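Chains, contacts and geometry: an overview
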Amino acid sequence: MTSTPPAGLRERKKARTKAAIREHAMRLFHEQGYAATTVDQIAAAADVSPSTFFRYFPTKEDVVLTDDYDPLMVAALRAQPAELSPIEAIRRSVRELFAQLTDAQWQQERRRQQLIASVPELRMRTQQQYADSITLLAEVVAERAGLPSDDFASRVVAGAVMGAALAANRGGKSMADGAVYFEDFDRALALLQAGLPVGPSAG
């Protein structure tokens, strides 16, 4: 017997606490507005202390902007066959990731994107997130090709993919309908894969 819970149990408890904080935060943002909602209010609603809140989310903005998709995307990309081109490997990874999302997760993501689109400071922070995502994706693309993590061509590929994601999202509006966003993102990646043809038949 041991007084220390198994690592798996601790991780599940942490995940539940994080999810509860996020759920109550989103509810309060919807009910009383983002600006009017404080960290103390979110912590009280989630039955945690403010210090516990900050262990999971450094700022109130991070409750909205933090998601769990990047690690899943990286894992899916690393698992793709080595012979696939970078864009095809990314397309397959995106399909796998989107296929895993439940209706409840789609609804949560729609609400999150709608909130981001409506709050200027959240929209500004997403620009830094896109830059961070480019760096992360570029490292995995380079890793698959056996290249240094700072390989320039890999970064260009990653930048093009994130640009496709931005274009498909249409300023956050497309995420209001998850199926449409997925289709648009896949079409955008297909255009990259085809060398970005421009004209009436493109896409």
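Residues numbered from 1 in each chain as written. Predicted model: local features only at pLDDT ≥ 70, side-chain atom pairs only at ≥ 80, totals over all residues. Heavy atoms only, no water.

**Concerning the confidence of the model for the protein**
The line we're drawing: Known as pLDDT, the predictor's per-residue confidence is scaled from 0 to 100. Note on contacts: a residue pair is in contact if any heavy atoms of the two residues lie within 4.5 Å.
For the protein, the average pLDDT comes to 87, and 88% of its residues sit at 70 or higher. Taken together, the stretch residues 1-5 has pLDDT below 50 and engages in 2 contacts with residues farther than four places along the chain or on a different chain.

**Quick notes on the packing of aromatic side chains**
What counts, and what does not: Working definition: rings of Phe, Tyr and Trp (its six-membered ring) pair if their centres are within 6.5 Å, and the pair is stacked with planes under 30 degrees apart, edge-to-face with planes over 60 apart, and tilted otherwise. Partly exposed describes any residue whose relative accessible area lies between the buried limit of under 20% and the exposed limit of over 50%, with all areas from a 1.4 Å probe on protein chains only and scaled to the type maximum. For a lysine, the NZ atom is tested; for an arginine, the CZ atom; a charge sits over a ring if that atom is within 6 Å of the ring centre and within 35 degrees of the ring normal.
Under the definition given, this model contains 5 aromatic pairs. An angle of 45 degrees between the planes, with centres 6.0 Å apart, marks the rings of Phe-53 and Phe-57 as tilted. For Phe-57, a relative accessible area of 0% corresponds to the buried category. Connected via pairs of aromatic rings, a cluster forms that spans Phe-53, Phe-54 and Phe-57. The ring of Tyr-34 is capped by Lys-60, whose NZ or CZ atom sits 4.2 Å from the centre of that ring.

**Notes on the packing of helix H7 (residues 103-118) against helix H8 (residues 120-144)**
The condition that has to hold: Every axis in this analysis is a line fitted to C-alpha atoms, fitted for helices over the stretch in contact. Angles between the N-to-C directions lie between 0 and 180 degrees. A run of H or I in DSSP counts as a helix once it spans at least four residues, and a run of E counts as a strand once it spans at least two, with each numbered from the N terminus. These descriptions rest on fixed angle ranges, namely under 35 degrees for roughly parallel, over 145 for roughly antiparallel, 65 to 115 for roughly perpendicular, and the rest for oblique. Note that Gly is not counted as nonpolar here; it falls among the polar residues with everything else outside the nonpolar set of Ala, Val, Leu, Ile, Met, Phe, Trp, Tyr, Cys and Pro and the charged set of Asp, Glu, Lys and Arg.
Interhelical geometry of H7 versus H8 gives an angle of 105 degrees and a closest axis separation of 5 Å. Viewed along their axes, H7 and H8 adopt a mutual orientation that is roughly perpendicular. Here H7 contributes Leu-115, Ile-116, Ala-117 and Ser-118 to the contact with H8, which in turn contributes Pro-120, Leu-122, Arg-123 and Thr-126. For the contact of H7 with H8, the per-class residue count stands at 5 nonpolar, 2 polar and 1 charged.

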